[in-house]
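# Descriptive structure summary
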Amino acid sequence: MLKGKVAIVTGSTSGIGLGIATAFAGEGAGVVLNGFGDAGEIERTRADLAAKHNVRVTYSSADMSKPAAIAGMVQDAIRDHGKVDILVNNAGIQFVAPIEEFPEARWDAIIAINLSSAFHATKAVLPGMKQRKWGRIINVASAHGLVASAYKSAYVAAKHGIVGLTKVTAMETAEEGITCNAICPGYVWTPLVQKQIPEQAKAHNMSEDEVIKKVLLVNQPNKRFATVEELGALAVFLSSDAAASMTGTALPVDGGWTAH
Ligand code: NAD
């Protein structure tokens, strides 16, 4: 479905980003991977994706907290693939603490990586998309782009911010063949979530099963984690011509959490 298209997926060495990059490659798109991790593992992922789906896959180590590195990632993608048709702003980090104890440096890092990076990357890809009259920008927000939880001030502020940026991007590109939508997942089964389970079990003096049901999935009515494959399939749909009239939306993928 995406043969001939080129996609950048930020934060795609792990979790949701890797799920989306894999789904794009499976549909025939060229892919730029980005994110941190073990160099050998990243190279194996890159080579496996390229070989399995017979598509060009490159890797950018750009740090999403650095505007110049983000511009460089887009320039490299254009050099290596000729263009960028699809941008998925997915890289993100989390930190949990009450506002009075929230370290300033953590606030700045979360705003930079979870929000400002999407602005810088969008700014860099728009001229080419406008020239070709075709583009898809998908911002991975969160249920926390729609509702709040205590102790997540920076994360909730950044995710609400990215939903706003999604709407503005949609307004500015609506007549250019470009769409911009936000995906708002509840809890998704990724390394970011998996590693919280034993930590929370210890903190709450609960079994890992209890932590999943009573802490993590307490607000998620379907009581199960979404999968990265479900999010990959949604990103493919949003990138397809069938979704050409969908723009400026914030789509919950949260098992009913924000229907409360
Ligand atoms: P993850 O930790 O598995 O992956 C995060 C990715 O971002 C990794 O590839 C990491 O290397 C990359 N990254 C982190 N800092 C970076 C930086 N400065 N520059 C470049 N890359 C960087 O996490 P995930 O669960 O897959 O989360 C991905 C996105 O989905 C995030 O924006 C997160 O807020 C959002 N999200 C996740 C969940 C969930 O339950 N897992 C729910 C809602 C939203």
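The notes below deal with the structure included here. Note that this is a predicted model, so its numbers are computed, not measured. (Residues numbered from 1 in each chain as written. Predicted model: local features only at pLDDT ≥ 70, side-chain atom pairs only at ≥ 80, totals over all residues. Heavy atoms only, no water.)

## Describing the site of the ligand
Around the ligand, the structure places 30 residues, and the nearest of them are T13, S14, N90, Y155 and V188. Between N90 and the ligand, the recorded distance is 2.7 Å, taken from a backbone N or O atom to an oxygen atom. The contact in question runs from an oxygen atom of the ligand to an N or O atom on the backbone of V188, over 2.7 Å. Summarising the interface, the protein chains cover 92% of the accessible area of the ligand, which totals 830 Å² for the free molecule. For the shell around the ligand, the secondary structure elements donating two or more residues are helix 1 (15-26), helix 5 (153-173) and helix 6 (191-194). If you tally residues by element for the shell around the ligand, the top one is helix 6, at 3 residues. Grouping the constituent residues of the shell around the ligand by class yields 16 nonpolar, 12 polar and 2 charged. Both domains that meet at the shell around the ligand, namely domain 1 (6-188 + 226-259) and domain 2 (189-225), each give it at least three residues. (Near = heavy atom within 4 Å. Polar contact = N/O pair within 3.5 Å; in protein donor to acceptor, adjacent residues only side chain to side chain. Areas by Shrake-Rupley, 256 points an atom, 1.4 Å probe, with all protein chains shown as cover. Helix = DSSP H or I, 4+ residues; strand = E, 2+ residues; numbered from the N terminus. Nonpolar A, V, L, I, M, F, W, Y, C, P; charged D, E, K, R; others polar. Domains from an automatic or database assignment.)

## Considerations on the pattern of salt bridges
This model, assessed by the stated rule, comprises 10 salt bridges. Put simply, D76 and R79 hold a salt bridge, and the shortest N to O gap is 3.4 Å. With D76 and R79 both in helix 3 (residues 67-81) and 3 residues apart, the pair spans about one turn of that helix. Between D241 and R136 there is a salt bridge, with the nearest N and O atoms lying 4.0 Å from each other. Residue D241 is located in the loop between helix 9 (228-239) and strand 7 (250-253), and its partner R136 is located in strand 5 (residues 135-140); the two are separated by 105 residues in the primary sequence. Residue D241 is classed as exposed on the basis of its relative accessible area, which comes to 59%. (Salt bridge = Lys/Arg side-chain N within 4 Å of Asp/Glu carboxyl O. Buried < 20%, exposed > 50% of the residue type's maximum accessible area, 1.4 Å probe, protein only.)

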